[in-house]
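# Coordinate inspection notes
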Amino acid sequence: MLADAGGMMPVELKFEGDKRFFTAALDSADLIVHGRNSYEDQPNSPGRKRIILTRSVGALAPDPANPRATLWNPAGASFDAAIERAGVRAGTIAVIGGPDVFEMFMDRYDTFWLSLAPQVKLPGGQPCFPGVPARSPQEVLAAHGLNAGEARILDADYGVSVTPWRRVAQTSP
C-alpha cells in the first residue's frame, strides 16, 4: 500500500532513509511526471520541470500556478507530445504518483524502484498498482518484464528497503 484508506501517505510510511533516497532521485531527474494529487513538497520542488496528469485540460496546457509545469490529459495528447511541450529532449524521467499513473508507464519503465516497509500495515489502503493485493507488487512488476536487482536497506531499524526492478534488453536472434 502506498496510502491509507483516505488516499493520503500516512506518517507511518515516512522514513528518513527513504526520503533521502527519493529526494536524491528526483534531484537527478530531468523531468518529473505525476498525477494531479501527487507533489513531493520538497525544497527543490519548485525548480523541477514537470508534467502533471489531469482531466482538467483537453490535451496540453501550461500550468497557471507553475511556469515549469505542463498539464497533460492522456486522452487528448500523447506522452511524446507532452514531453515535447515540456521542452525535454533527453534525460531521466521520474514517474511518481499512484496506481493509475504507475500503470500508464508500466511497459515503459527502464527501472522501477520499489520501496518496502514490511512492518507497516495499512488496512483498506490504496495499493501501489492495480491488481494488488490479489497479486504482489513484485508479481505485477515481473508480469511487465521487469526483473529485481539487489535490494538496498534504507532504514535497518524498520526493515525499509528499495529494490530496483529493471527491464532486460531484448536481443534479436
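A short tour of the structure in this document, coming up.

### Let's talk about the nonpolar core
Judged by nonpolar contacts, the single largest core of 26 residues is most densely connected at Ile 51, Phe 112 and Phe 129. Ranked by the residues each element gives to this core, the list is headed by helix α2 (residues 79–86), at 4 residues. Aside from chain neighbours lying at most four places away, what touches Phe 129 is Pro 99, Phe 102, Met 106, Phe 112, Pro 137, Val 140 and Leu 141. Counting residues in each nonpolar core, the second largest holds 9 residues, with Leu 13, Phe 21, Leu 154 and Val 162 among its members.

### What about the environment of Asp 110?
Tracing the chain through its elements places Asp 110 in the loop between α3 (99–105) and β6 (111–116). Taking the C-alpha atoms as reference points, Asp 110 and Lys 49, 61 residues apart in sequence, are found 20 Å from one another. Leave out the neighbours within four places in its chain, and Asp 110 touches Leu 146, Trp 165, Arg 166 and Arg 167.

### Some thoughts on the side chain of Ser 161
Relative to the helices and strands, Ser 161 is located in strand β9 (residues 160–167). Among all residues touching Ser 161, those that are not within four sequence positions of it are Leu 114, Ser 115, Leu 116, Ala 151, Arg 152, Ile 153 and Leu 154.

### Notes on the pattern of salt bridges
Taken as a whole and assessed by the stated rule, the structure comprises 3 salt bridges. Between Asp 27 and Arg 48 there is a salt bridge, with its nearest N and O atoms 2.5 Å apart. Residue Asp 27 is located in helix α1 (residues 16–28), and its partner Arg 48 is located in the loop between β1 (31–35) and β2 (50–53); the two are separated by 21 residues in the primary sequence. In this structure Asp 27 comes out as partly exposed when scored by relative accessible area, which is 40%. Among the ionic pairs, Glu 84 bridges to Arg 89, the shortest N-O distance being 3.6 Å. Glu 84 sits in the partly exposed class, given a relative accessible area of 48%. Here Arg 89 falls in the exposed class, since its relative accessible area comes to 63%.

### Comments concerning unusual backbone geometry
The omega angle of the peptide bond from Val 132 to Pro 133 is 20 degrees, so this bond is cis rather than trans. Structurally, the position occupied by Pro 133 is in the loop between β6 and α4 (137–143).

### A word on the sheet that holds β1
Strand order in the open sheet formed by 5 strands is β3-β4-β2-β1-β5, with mixed pairing between adjacent strands. The open sheet has two edge strands, β3 (60–63) and β5 (93–95), and neither has a second partner. Across this sheet, the average inter-strand angle for adjacent strands is 25 degrees, counted without regard to direction. Note: β2 against strand β4 (residues 66–72), 4 bridges, orientation parallel. Opposite Arg 50, over in β4, you have Ala 69 as the bridge partner.

### Observations concerning the pairing of strand β8 (residues 152–155)
In this sheet, β9 lies alongside β8 in antiparallel orientation, the contact comprising 3 bridges. Its bridge partner lying in β9, Arg 152 is registered against Val 162. Linking two consecutive strands that pair antiparallel, namely β8 and β9, is a turn of 4 residues; a positive phi of about 70 degrees is found at Gly 159 within it.

### With respect to the packing of aromatic side chains
If you walk through the whole model with that rule in mind, you get 9 aromatic pairs. Note on Tyr 109 and Phe 112: the rings are 5.1 Å apart at their centroids and 70 degrees apart in plane angle, and the pair reads as edge-to-face. Aromatic rings pair up to connect Phe 102, Tyr 109, Phe 112 and Phe 129 into one cluster.

What counts and how
- What you see as residue numbers is a count from 1 along each chain, following the sequence as written.
- Where totals are concerned, whole chains, interfaces and linings use all residues; where local detail is concerned, this predicted model gives features only for residues with pLDDT of at least 70, and gives and counts side-chain atom pairs only at 80 or more.
- Side-chain measures here rest on the full set of heavy atoms in the structure, leaving out hydrogens and waters.
- We call a set of buried Ala, Val, Leu, Ile, Met, Phe, Trp, Tyr and Cys residues a nonpolar core when their side-chain atoms join them within 4.5 Å.
- Residue burial is assigned from relative accessible area. The probe radius is 1.4 Å, only protein chains are included, and a residue is buried under 20% of its type maximum, exposed over 50%, and partly exposed in between.
- Helix and strand definitions follow DSSP, with helices as H or I runs of at least four residues and strands as E runs of at least two, each counted in order from the N terminus.
- Any two residues having at least one pair of non-hydrogen atoms within 4.5 Å are treated as being in contact.
- When a carboxyl oxygen of Asp or Glu lies within 4 Å of a side-chain nitrogen of Lys or Arg, that pair is called a salt bridge.
- A pair of strands is considered paired only if DSSP assigns at least 2 bridges between the two.
- Fitted lines through C-alpha atoms give the axes, limited to the stretch in contact for helices. The angle between two N-to-C directions lies from 0 to 180 degrees.
- Ring geometry is summarised as follows: Phe, Tyr and Trp rings, the Trp one being its six-membered ring, pair when their centres sit within 6.5 Å, and such pairs are stacked at plane angles under 30 degrees, edge-to-face over 60 and tilted between the two.

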